[in-house]
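# Structure at a glance
As a plain string of letters, each chain reads:
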Amino acid sequence: MAVIKNDTFTEASDTPLESHTSDSGGGWEGADASNCTVVAATDTLSDEGATDETPICDEANTETDYFAEIIGATLGGTGDSDRIGVFVRGDQDPSTGTAQNSTYYTLNMRGDDGWRLQRVNAGSITNLDFDTGYVAANSITGSTSLKMKLEVSGTGATVTLNAYIDPDGGGYDLVSSTGDTDAGRITTAGKPGVYIGQVN
């Protein structure tokens, strides 16, 4: 499987994400990129906005079967604004071409309860699977480094999503294997990206 994007978010000084070049050579796009900063002291990506951000890679992609993976941490806060995650099959808002993503599959972790596997289609959110007790069960705090991975495959009657989380460095656990057969399933290749909400 070819690498679409790889980014360790390394810069010599704090840099707006829209001006940052990833390790694999590409950049990040979408209106949300302007609300994120690459923090030089910690080699992390930080959300400077007031809402969830979904910057998307700007490399071209024709692969339909791929995965997105992230290492990071929430701030241990509450509510939807404190999340970390990834998304696949992301597409820019067709009305502007550069606006915030409105269509994608995402695996994200909320700081005060747990993970959610969601389909966002034209801005409409559907929970495909979730575990709101995951944070407590795994003693996750704002300083806990997480690894999260979301695999996507299929363009026909079923889109398969495999969600993995490593909460403690002990290796990935498969937390969900879901087949999306709904009429609103996302069958286009799209692009991967990062899902963050006031998190690092």
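Here the residue numbers are simple positions, counted from 1 along each chain's written sequence. Local features in this predicted model are restricted to residues of pLDDT 70 or higher, and side-chain atom pairs are both shown and tallied only at a pLDDT of 80 or more, whereas totals for entire chains, interfaces and linings draw on every residue. To obtain the side-chain values, all non-hydrogen atoms of the structure were used and water was disregarded.

## Observations regarding the confidence of the model for the chain
Predicted coordinates in areas of low pLDDT are best not read in detail. pLDDT measures the predictor's confidence residue by residue and takes values from 0 up to 100. In this model, the chain carries an average pLDDT of 85, and 86% of its residues clear a pLDDT of 70 or more. pLDDT under 50 marks residues 94-99. Its contacts with residues more than four places away, or in other chains, come to 8 contacts. The contact rule is simple, with two residues in contact once any of their heavy atoms fall within 4.5 Å.

## Points about the pairing of strand S11 (residues 146-153)
The sheet contact formed by strand S6 (residues 66-72) and S11 spans 7 bridges and is antiparallel. Bridging from a neighbouring strand, Phe 67 pairs with Glu 151 of S11. The rule for pairing is simple: two strands pair if DSSP sees at least two bridges between them. Here a helix means four or more residues in a row that DSSP labels H or I, a strand means two or more in a row labelled E, and each is numbered from the N terminus. Where S11 lies against strand S12 (residues 159-166), 7 bridges are found, and the strand directions are antiparallel. Each bridged residue has a counterpart across the sheet, and for Leu 150 the counterpart in S12 is Ala 163. Counting the residues that bridge the hairpin from S11 to S12 gives 5 residues, and of these Gly 154 lies at a positive phi of roughly 95°.

## Describing the environment of Val 175
Along the chain, Val 175 falls in strand S13 (residues 173-180). Sequence separation between Val 175 and Ile 165 is 10 residues, and the spatial gap between their C-alpha atoms is 6.8 Å. Residues contacting Val 175, with those up to four places away along its chain left out, are Trp 115, Asp 129, Tyr 134, Ala 163, Tyr 164 and Ile 165.

## Section: the sheet that holds strand S1 (residues 15-16)
With antiparallel pairing, the 3 strands of this open sheet are ordered in space as S1-S3-S4. This sheet does not close on itself; its edge strands, each paired only once, are S1 and strand S4 (44-47). The pairing of strand S3 (residues 36-39) with S4 spans 4 bridges and is antiparallel. From the neighbouring strand, Val 38 faces S4, where its bridge partner is Leu 45.

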